[in-house]
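Here is what each chain is made of, one letter per residue.
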Amino acid sequence: MWDYTDKVRDYFFNPVNAGVLETANAVGEVGAISCGDALKLMMKVDPETEIIEAAKFQTFGCGSAIASSSALTEIILGKTLDEALKITNQDIADFLGGLPPEKMHCSVMGYEALQAAVADYRGEVWSDDHEEGALVCKCFGVDEGMIERAVRSNKLTTPEAVTNFTKAGGGCLTCFERIEGVLAKVNEEMVGEGLLSFDEAYRIGSVDPRSLKQKAKPKAAVGSTPVETAATETRKPVISLDALEKAAAATVVVGSAAEAALQPAIGLPRYTTVQKIKLIEEALEEIRPVLKKDGGDCELIDVDGANVIVKLSGACVGCQMASMTINGVQEKIVAKLGIPVRVVPVK
Amino acid sequence: MTVTPVYLDNNATTRCDAEVVEAMLPYFTEQFGNPSSMHAFGASVGGAVKAARASLMKLLGAEFDHEIIFTSGGTESDNMAILSALEAMPGRDEIITSAVEHPAVLSLCAHLEKTRDVKVHVIPVDGRGLLDIAAYRAALSEKTAVVSIMWANNETGTIFPVAELAELAKEVGALFHTDAVQAVGKIPLDLKSTQIDMLSLSGHKLHGPKGTGALYVKRGTRFRSLFKGGHQERGRRAGTENTPGIVGLGKAAELALIHMEDEVTRVAALRDRLEKGILQRIPNCFVTGNPAERLPNTANIAFEYIEGEGILLLMNREGIAASSGSACTSGSLEPSHVLRAMNIPYTAAHGAIRFSFSRDNTDADVERVLEVMPPIIEKLRALSPFWKGANEAPATFNPVYA
């Protein structure tokens, strides 16, 4: 049995706005080929204000598809079309208190029906560019299609990079070999198309998954989309992780004296504390929009030698990805400062 | 008021019979000996294992008790049979199976095809789930190592003519294996009168304990063990015997034989009454599979224009348990490969519900289901964009598929 939230159950057992809307002037009809579900969304839009005055649905699909459709009609009611278009499938899932990863496509179907209905109202043709494949990573609900697109558009050649871009494999890692398989397959195709050299292509077995367990740092946890992070991905870390470890360890033992001693030794830039804070704030400002996209935020509390004390807030609190987010923040600050720092979260 | 639960998902698993549990209990505690041991502790347990083997032999109509190898269940037995055949039949590297087999057979075949260069012939079925015999004959050859075709299908209950299929396999010298997990305990079997070489069964499908099963291997059949280790089961399945499980399986086999008459008469009548009642009360639904040749306990009914998970959730709220061929209940999102192989339209396959009875079910259960099904189906159809009304063609609805 699926692990549905009470809200999903409630919206399935007692769906609101089910049925035909006779006065509809915007209709979206979409389906998900992966499971055969289909949804018809009917809306009555005020031509003057473009406010959605009424919305009803009919759904051929499972419990969560019906619940997602019903939730969608509640969410969009009273919104203008432009406001409604900003609604994402995640909003629908969040409204329902979350959906099992295998069932996220039900919320996607709701999102698409809305896009199609608005296009219908505006006399536009809506075409869908969303593809799905078999679910690969169950921890984060990542399907094969998403991995393929990430690999292709960002020329990824390692399983670690796939995790960084898509989150796939950032959890239990039981899907490692499937990720590896998809990566090798797409890389091989890319070699065939001349997009990648033979030597660059990933070969199955060349990464030991045990070495990934601790290092996986989904950049997507910091929120950026694959395309946006393409540039940062190829950039080598300014400071090796080992150097960072040493610096941090030194800090623990003797505090900022060690940091002072360390800096000239390896020729790193020197900053005053105020300069440091300014740069760190800049780095945080750059990450903030992507954190906010996931409903979270990050605030600088203090700088103590090589330790940067931050406070995560919003959706980041209690998120199982929080430690990976911290890693992402740390990498960003290190890149900005060019000196090793350790980001320490406080509650 | 609390409703009495109605369990109609016996093809998924059955309640372990109280008598089975009672028979097993001493073998966890005082009768803990290893049947291989020389001393008295082992000897009495060895006797119980022997008795269990004899009960199972009787249920299957086997000729010898050493034809029974105890395993951990249907999946292990299926794997054991097919892998053994490939190893024991030199010069033969082809497998013949059907499109509607259990994943225990189909996934293994797909794996062998990919990793060991084995050629796999998957024989199609028709709209009623009947095997394409012409295609089967055509696939048989001197290259066939093993044929693996189920005795009865788990989703529709359709029974395959395995005795005849086995004879055809013999003509080319191939081994014949059948996954009889759904058939054993539900219909009378007499293996000694057939040419079937190997047969898989599972304990928990016949009111026995989970994690138990057996593989029947006809005397004289070439066999290679799957697990290497000790001499247990005459060296054919190494590992200390699961003695409480084996005793439980033996008891379950004994009880299945006693209740066989009930299964093929009263239980079949319950099933028929439910099926007829549903078809009378609810428009736009039909029985899938082959009603002329099927298990006495299984009914698979497709309700058009709605989806199975919704039906099951609403049934569950009424305390009724069944299962569905719908994509959305399977975890994988893949619609039932059995109904797809039968070419059932997806607007009906998604709404297919399997009701599977056992000797525990009563008339009251049938009454209860007949009472709650019509409003459930009506409620979901009211939500369906395809539904136009009883016996009407579906509404014009052509969604953009992603």
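*Asks:* Whenever I open this one, the packing of helix α8 (residues 243-281) of chain B against helix α12 (residues 363-383) of chain B confuses me. Can you help?
*Replies:* When two helices pack together, their arrangement is captured by the angle between the axes and the distance separating the axes. Residues and elements named next belong to chain B. At a minimum axis distance of 10 Å, the contact between α8 and α12 shows a crossing angle of 20°. Between α8 and α12, the angle is such that the two are roughly parallel. As α8 packs across α12, the resulting crossing turns out to be right-handed. Residues Leu 270, Arg 273, Leu 274, Gly 277, Ile 278 and Arg 281 of α8 lie in contact with α12, whose contacting residues are Asp 363, Val 366, Glu 367, Val 369, Leu 370, Met 373 and Pro 374. Each residue belonging to the contact of α8 with α12 can be placed in one class, and the counts come to 8 nonpolar, 1 polar and 4 charged.

*Asks:* Explain the sheet that holds strand β5 (residues 144-148) of chain B here, please?
*Replies:* The strands that make up a sheet are held in pairs by hydrogen bonds between backbone atoms, and each pair lies either parallel or antiparallel. All names here are of chain B. Taken in spatial order, the 7 strands make up an open sheet running β2-β8-β7-β6-β5-β3-β4, and their pairing is mixed. Edge positions in the sheet fall to β2 (68-71) and β4 (119-123), since each has one partner strand and no second. With direction set aside, neighbouring strand axes in the sheet form an average angle of 20°. Sheet topology note: the β2/strand β8 (residues 213-217) ladder contains 4 bridges and is antiparallel. Note on β8: the bridge partner recorded for Ile 69 is Leu 215. Packed onto the sheet, helix α2 (residues 40-60) meets β2, β7 (198-202) and β8 and runs at close to 110° relative to β2. In the packing of helix α6 (residues 162-171) onto the sheet, the strands contacted are β5 and β6 (175-179), and the crossing angle to β6 comes to about 155°.

*Asks:* Help me out: how do you make sense of the sheet that holds strand β9 (residues 285-287) of chain B in this one?
*Replies:* All names here are of chain B. The strand order across the open sheet formed by 4 strands is β9-β10-β13-β12, and the pairing between neighbours is antiparallel. Lying at the two open borders of the sheet, with one neighbouring strand each, are β9 and β12 (323-324). Relative to strand β13 (residues 352-356), strand β10 (residues 298-303) runs antiparallel, the two sharing 5 bridges. Following the sheet pairing, Ala 302 is matched in β13 by Ala 352. Sheet strands in contact with α8 are β9, β10 and β13, and its direction is about 10° off that of β10. Docked against the sheet, helix α9 (residues 308-317) engages β10, β12 and β13, running at close to 45° with respect to β13.

*Asks:* Got a minute to help me understand the confidence of the model for chain A in this structure?
*Replies:* Atom-level detail of predicted coordinates should not be read off regions where pLDDT is low. Residues and elements named next belong to chain A. For chain A, the average pLDDT comes to 78, and 78% of its residues sit at 70 or higher. At the level of individual helices and strands, chain A shows its lowest average pLDDT in helix α9 (residues 226-234), which scores 37, and its highest in strand β3 (residues 52-60), which scores 95. Counting interchain partners and residues more than four positions distant, the pLDDT-below-50 stretch residues 215-266 has 78 contacts.

*Asks:* Just checking my understanding: could you explain unusual backbone geometry for this structure?
*Replies:* It is generally the case that most residues other than glycine have a negative phi and that most peptide bonds are trans. Look at A:Lys167: it is not a glycine, yet its phi comes out positive at around 80°. When you line up the elements, A:Lys167 lands in the loop between α7 (159-166) and α8 (176-192). Taking the relative accessible area as the measure of exposure, A:Lys167 reaches 22% and is therefore partly exposed. The backbone of B:Tyr305 shows a phi angle near 70°, a positive value even though the residue is not glycine. Its place among the elements puts B:Tyr305 in the loop between β10 and α9.

*Asks:* Before we go on, may I ask you to explain the nonpolar core in this structure?
*Replies:* The nonpolar side chains of soluble globular proteins are, as a tendency, buried together. Grouped together as the largest cluster of nonpolar side chains are 70 residues, with contacts concentrated most on A:Met43, B:Phe303 and B:Phe355. With 61 residues, the next largest nonpolar core counts B:Met24, B:Ile68, B:Val162 and B:Leu199 among its residues.

Reading guide: rules and limits
- Residues numbered from 1 in each chain as written.
- Chains lettered and ligands numbered in written order.
- Predicted model: local features only at pLDDT ≥ 70, side-chain atom pairs only at ≥ 80, totals over all residues.
- Heavy atoms only, no water.
- Axes fitted to C-alpha atoms, helices over the stretch in contact; angles between N-to-C directions.
- Helix = DSSP H or I, 4+ residues; strand = E, 2+ residues; numbered from the N terminus.
- Parallel < 35°, antiparallel > 145°, perpendicular 65-115°, else oblique.
- Left-handed = near helix turned anticlockwise from the far one by under 90°.
- Contact = heavy atoms within 4.5 Å.
- Nonpolar A, V, L, I, M, F, W, Y, C, P; charged D, E, K, R; others polar.
- Pairing = 2+ DSSP bridges.
- pLDDT = per-residue confidence, 0-100.
- Buried < 20%, exposed > 50% of the residue type's maximum accessible area, 1.4 Å probe, protein only.
- Core = buried A, V, L, I, M, F, W, Y, C linked by side-chain atoms within 4.5 Å.

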